[in-house]
Amino acid sequence: MFKILHKERLAPGINLFEVEAPRIAKHAKPGQFVIIRLHERGERIPLTIADFDRDKGSITIVAQEVGKTTKELGTYEEGDYIHDILGPLGNPSHVDKFGTVVMVGGGVGVAEIYPVARAMKEKGNYVISILGFRTKDLVFWEDKLRKVSDEVIVTTNDGSYGMKGFTTHALQKLIDEGRKIDLVHAVGPAIMMKAVAELTKPYGIKTVASLNPIMVDGTGMCGACRVTVGGEIKFACVDGPEFDAHLVDWDELMKRLSYYRDLERISLEKWER
Ligand code: FAD
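To start, this report covers the structure provided alongside it. Worth saying up front: this structure is predicted, and the values here are computed from it rather than measured.

1. Things to note about the sheet that holds strand β2 (residues 14–20)
Move 1: Across the sheet, which stays open at both edges, the five strands sit in the order β5-β6-β2-β1-β7 with antiparallel pairing between neighbours. A single partner strand is all that each edge strand has here, and the edge strands are β5 (51–53) and β7 (81–82).
Move 2: Of the pairings in the sheet, the one linking strand β1 (residues 2–11) to β7 comprises two bridges and is antiparallel in character. Bridged to phenylalanine 2 within β7 is isoleucine 82.

2. So, the pairing of strand β15 (residues 226–229)
Move 1: In this sheet, strand β16 (residues 232–235) lies alongside β15 in antiparallel orientation, the contact comprising four bridges. If you follow threonine 228 over to β16, its bridge partner there is isoleucine 233.
Move 2: Counted between consecutive antiparallel strands, the loop separating β15 from β16 contains two residues, among which glycine 230 sits at a positive phi close to 60°.

3. Examining the packing of helix α5 (residues 167–176) against helix α6 (residues 190–200)
Move 1: Following both chains from N to C, one finds α5 and α6 inclined at 20°, their axes separated by 10 Å at the closest point. By the angle class used here, α5 and α6 are roughly parallel. The interaxial crossing formed by α5 with α6 has right-handed handedness. Between α5 and α6, the residues in contact are Thr167, Thr168, Leu171, Gln172 and Ile175 and Met192, Ala195, Val196, Leu199 and Thr200, respectively.
Move 2: Of the residues belonging to the contact of α5 with α6, the class tally is six nonpolar, four polar and no charged.

4. Points about the layout of surface pockets
Move 1: Taken as a whole, the second largest pocket encloses approximately 160 Å³ of empty space.
Move 2: In this structure, the second largest pocket is lined by 14 residues; those nearest its centre are Pro92, Ser93, His94, Val208 and Glu242.
Move 3: Tallied by class, the residues present in the lining of the second largest pocket amount to six nonpolar, five polar and three charged.

5. Focus: α5
Move 1: By the burial criterion, the buried members of α5 are Thr167, Thr168, Ala170, Leu171, Leu174 and Ile175. All buried residues of α5 project into a common sector of 160° when viewed along the axis, lining one side.
Move 2: Those residues of α5 that are buried are in contact with β9 (100–106), β10 (126–133), β11 (151–156), β12 (163–164), β13 (183–187) and α6.
Move 3: Trailing α5 by a residue or two, glycine 178 shows a phi angle of about 80°, which is positive.

So, how was this worked out
Residues numbered from 1 in each chain as written. Predicted model: local features only at pLDDT ≥ 70, side-chain atom pairs only at ≥ 80, totals over all residues. Heavy atoms only, no water. Pairing = 2+ DSSP bridges. Helix = DSSP H or I, 4+ residues; strand = E, 2+ residues; numbered from the N terminus. Axes fitted to C-alpha atoms, helices over the stretch in contact; angles between N-to-C directions. Parallel < 35°, antiparallel > 145°, perpendicular 65-115°, else oblique. Left-handed = near helix turned anticlockwise from the far one by under 90°. Contact = heavy atoms within 4.5 Å. Nonpolar A, V, L, I, M, F, W, Y, C, P; charged D, E, K, R; others polar. 1 Å grid on protein atoms, 1.4 Å probe; cavity = no way out; pocket = protein on both sides within 12 Å on 5 of 7 lines; lining within 4 Å. Points joined across faces, edges and corners; volume = space filled by probe spheres on them. Buried < 20%, exposed > 50% of the residue type's maximum accessible area, 1.4 Å probe, protein only. Arc of directions from axis to C-beta.

The structure is reproduced here in structure tokens:
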């Protein structure tokens, strides 16, 4: 059982939980994730480790309410317990001295890029973070990303805050300005990561993306999270979750993400009753 030490509503439908998990905090590295199960009858869902505090023995997860389990998690409060947390899982991000690294986070992906941006900065990279949200009310962690980045660009689809447009517009602008970019690291909705990959490919800018396929066991056994990368089948849980974005079969990933939409809707409706 894992105690929730702190809960915060970061934006409508986006919740932060700092959870007591000393053994996971001790081993966690940027880019890794956990699989949680809220209670004995709960389903397993993967969530990225958005932060960790080894001294306090806690990890932070940030979850966007999209369906039954993430909405149920949203009802949990400080002092409540999450039944199981398995992790840290997945390969840590490849953090090295690349030069200029552009971190691209879309929506809840902003929380997921934070520990990687921090590690990239600590390695001596020049870090530019592009944070994309639909609208001003959904903006979170701009302050946190500013502390670990040399530059931060916020985009909103409707132009209510920062630059109007998508994260790819901000990235295109940097490229058009002739900025030297050595690595792009993208986390967010699959459609955004696909767009980032399509943008950077013709320029030959190395791009990695953290994939978010449906994942069940997280240890390479069930195969639910299989993705095609460079024509080969990979399991995102053990081979990833980060891959060369130019080699990912994005259309297959997006198709697989919507496979269970009807069942997920029924499950949410049942829970809401
Ligand atoms: P459902 O109604 O069951 O599903 C809604 C949609 O979420 C589905 O259509 C599908 O596209 C996706 N989904 C459903 N079940 C799973 C599953 N078991 N695994 C992955 N996707 C699923 N979300 C966050 O908000 N914050 C994070 O930090 C985060 N990190 C992730 C890290 C990894 C490695 C992966 C693979 C996914 C991550 N996700 C994250 C996505 C998150 O796991 C899903 O949003 C969640 O499982 C949805 O469950 P649900 O019951 O609320 O919604």
